[in-house]
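# Remarks on the overall topology
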Amino acid sequence: MTQDFILFPKIGECSYVSCYCEENVWKLCEQVKKNNPGELPKCYSVFVSNAGRTVPLWRQKAGRGDDKVVIWDYHVFFMHCVGPNRCLVYDLDTTLPFPTYFHKYVTETFRSDLALRPEHHRNCLRRIARHDDQEFSNQSIINVMEKFVKTVNAMDETILVPSRLMDRQVGDSTDTVPVSPKNFHHGHSKSKKRDTVREYLNSADLLKLYNMLNLVKNDLLWARNDTTEEAVKQEKSTGELSTNLVKEEQASKSGETKEEVATVKGHVRRPSTISMSSSNSVSTLSDSESEISNENDSGIESERRRDLDKSQELAKQFRTHLLGLYRSLEQMTEAANYLTARYQSDVGPV
């Protein structure tokens, strides 16, 4: 094994806590990033589990018997690819050598599913590579979501007593937070200054705003769960506020006032996509066989056009919702920053 590069020569140099395999692997990743960043593209975190969350593993420190077998709900180990067909496994919970070649580790640790009950089969193996910053732009929706989540988390860490936000509103007489300069929207060709928090959230209740931001963060991270009564109540209390954000953003984009948006009812008619010239050309044909042939050809072309229109419409809907999500997250990130500053201003440094 001396011919291969060893990331962690001694197991005693690694941070280890029993029964916390994911944290142990996280620490290994941090150590590689600090000491050998050039090896990161060759490193992976491997998660092992199954639908029943009952994974039998052998040669484990926490195991019993001569084979040291134990059943985990899941397990995580660190893997380093040192060559085209060679990988080293660093598992702080195994009794095997540290590190161990992948083939030997799998053979000794997982054995064969043929001798196991179906509920114990290790049928969920996921390899997670390092996160490459070059995979997407700094202005992508992924970064915007991460920034929003981090900002709301910082807000939660600052606002220790949310009840102190009661009976306070954005822009009221007690609002002494400095007005931040207007920034430009990202992601579209025409640069347009956006409204400040005081403008698009004027008179908004601070406690409802705080609850709404946390609800949106949870929806973003864990998906919606409208089956619970608590979620329904939160949606009723914060839905009006979040809906107003979208309406006002749409109004500012189209140049309409809030009153104009509120009075618009019904739907907007769209021009027909049917080609009048095609209709006229069909009606002028006199020969019956030509009419049949043209109808068949027209049906094929119209079917293709409908399929094309559907794909274009789907792409258009995606871009519209993506831009709306981008703007909403930007606004809510600014709102979280505002709440943090407002709480510190009203209550004092935390």
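Each value, and the rule that gives it
Residues numbered from 1 in each chain as written. Predicted model: local features only at pLDDT ≥ 70, side-chain atom pairs only at ≥ 80, totals over all residues. Heavy atoms only, no water. Helix = DSSP H or I, 4+ residues; strand = E, 2+ residues; numbered from the N terminus. Buried < 20%, exposed > 50% of the residue type's maximum accessible area, 1.4 Å probe, protein only. Lys, Arg positive; Asp, Glu negative; His and termini not counted. Salt bridge = Lys/Arg side-chain N within 4 Å of Asp/Glu carboxyl O. Contact = heavy atoms within 4.5 Å. Arc of directions from axis to C-beta. Phe/Tyr/Trp six-rings, centres within 6.5 Å; stacked < 30°, edge-to-face > 60°. Core = buried A, V, L, I, M, F, W, Y, C linked by side-chain atoms within 4.5 Å. Pairing = 2+ DSSP bridges. Expected span 1.5 Å × (residues − 1). Polar contact = N/O pair within 3.5 Å; in protein donor to acceptor, adjacent residues only side chain to side chain. 1 Å grid on protein atoms, 1.4 Å probe; cavity = no way out; pocket = protein on both sides within 12 Å on 5 of 7 lines; lining within 4 Å. Points joined across faces, edges and corners; volume = space filled by probe spheres on them. Nonpolar A, V, L, I, M, F, W, Y, C, P; charged D, E, K, R; others polar.

## A word on the side chain of Asp91
Here Asp91 lies in the loop between β5 (86-90) and β6 (100-101). Despite its burial, Asp91 pairs with no opposite charge, the nearest such side chain being Lys61 at 7.7 Å. With residues near it in sequence (within four places) discarded, Asp91 still touches Gln60, His75, Phe77, Phe98 and Tyr105.

## Describing helix α2 (residues 102-110)
Inspection of α2 places Tyr105, Thr109 and Phe110 among the buried residues, and these make up the whole buried set. Taken down its axis, α2 places every buried residue within 85° of arc, on the same side. Tucked into the core, α2 has its buried residues touching β1 (43-49), β2 (55-57), β4 (75-83), β5 and β6. Looking one or two residues beyond α2, the residue adopting positive phi is Arg111, at roughly 55°.

## Side note on the packing of aromatic side chains
Going through the model one piece at a time under the given rule, you end up with 6 aromatic pairs. Between Phe8 and Phe78 the ring centres are 5.6 Å apart and the planes differ by 75°, which places this aromatic pair in the edge-to-face class. With Phe8 in the segment before α1 (21-35) and Phe78 in strand β4, the pair connects residues that are 70 residues apart, well separated along the chain. On the numbers, 5.9 Å between centres and 65° between planes, the contact of Phe78 with Tyr90 is edge-to-face. Placement of the pair is Phe78 in strand β4 and Tyr90 in strand β5, with a sequence separation of 12 residues. Each member of the pair Phe78 and Tyr90 is classed as buried.

## Digging into the pattern of salt bridges
Taken as a whole and judged by the stated rule, the model has 10 salt bridges. One salt bridge in this structure joins Arg342 and Asp172, with 2.8 Å as the shortest N-O distance. Of this pair, Arg342 sits in helix α9 (residues 288-347) while Asp172 sits in the loop between α3 (141-158) and α4 (197-200); the two residues are 170 residues apart in sequence, bridging distant segments of the chain. We note a salt bridge from Arg342 to Asp346, for which the minimum N-O separation is 2.8 Å. Taken together, the positions of Arg342 and Asp346, both in helix α9 and 4 residues apart, correspond to about one turn of that helix. Look at the salt bridges and you will find they share partners, linking Arg168, Asp172, Asp175, Arg198, Arg342 and Asp346 into a network.

## Side note on the nonpolar core
Counting 27 residues, the largest nonpolar core has Met155, Val170, Leu201, Leu209, Leu213 and Leu339 as its most contacted members. Looking at this core, the elements with two or more residues in it are α3, α4, α5 (206-222) and α9. Per element, the largest residue contribution to this core is 8 residues, and it comes from α9. Apart from residues lying up to four places away in sequence, Val170 is in contact with Asp175, Val197, Arg198, Leu201, Asn202, Ser203, Ala204, Leu206, Leu209, Tyr338 and Arg342.

## Digging into the pairing of β1
Side chains on a regular strand alternate between the two faces of the sheet. Within β1, 6 of the 7 residues are buried, which leaves it mostly tucked inside the rest of the structure. Pairing between β1 and β4: 6 bridges, direction antiparallel. Residue pairing for β4: Val46 is matched across the bridge by Phe77.

## Let's talk about α5
Across its 17 residues, α5 extends 24 Å between first and last C-alpha, which sits within 8% of the 24 Å expected from 1.5 Å per residue. Burial in α5 covers these residues: Leu206, Leu209, Tyr210, Met212, Leu213, Asn214, Leu215 and Lys217. One side-chain oxygen at the N-terminal end of α5 lies 3.1 Å from the backbone nitrogen of Leu207; it belongs to Asp205. Immediately beyond the C-terminal end of α5, within one or two residues, lies Ala223, with a positive phi of roughly 70°.

## Quick word on empty space enclosed by the protein
Tallied over the full model, the rule gives 1 cavity of 30 Å³ or more. Elements that contribute at least two residues to the lining of the largest cavity include exactly α1 and β4. With 4 residues, α1 is the largest single contributor of residues to the lining of the largest cavity. Here the lining of the largest cavity is built from residues that sort into 7 nonpolar, 1 polar and 2 charged.

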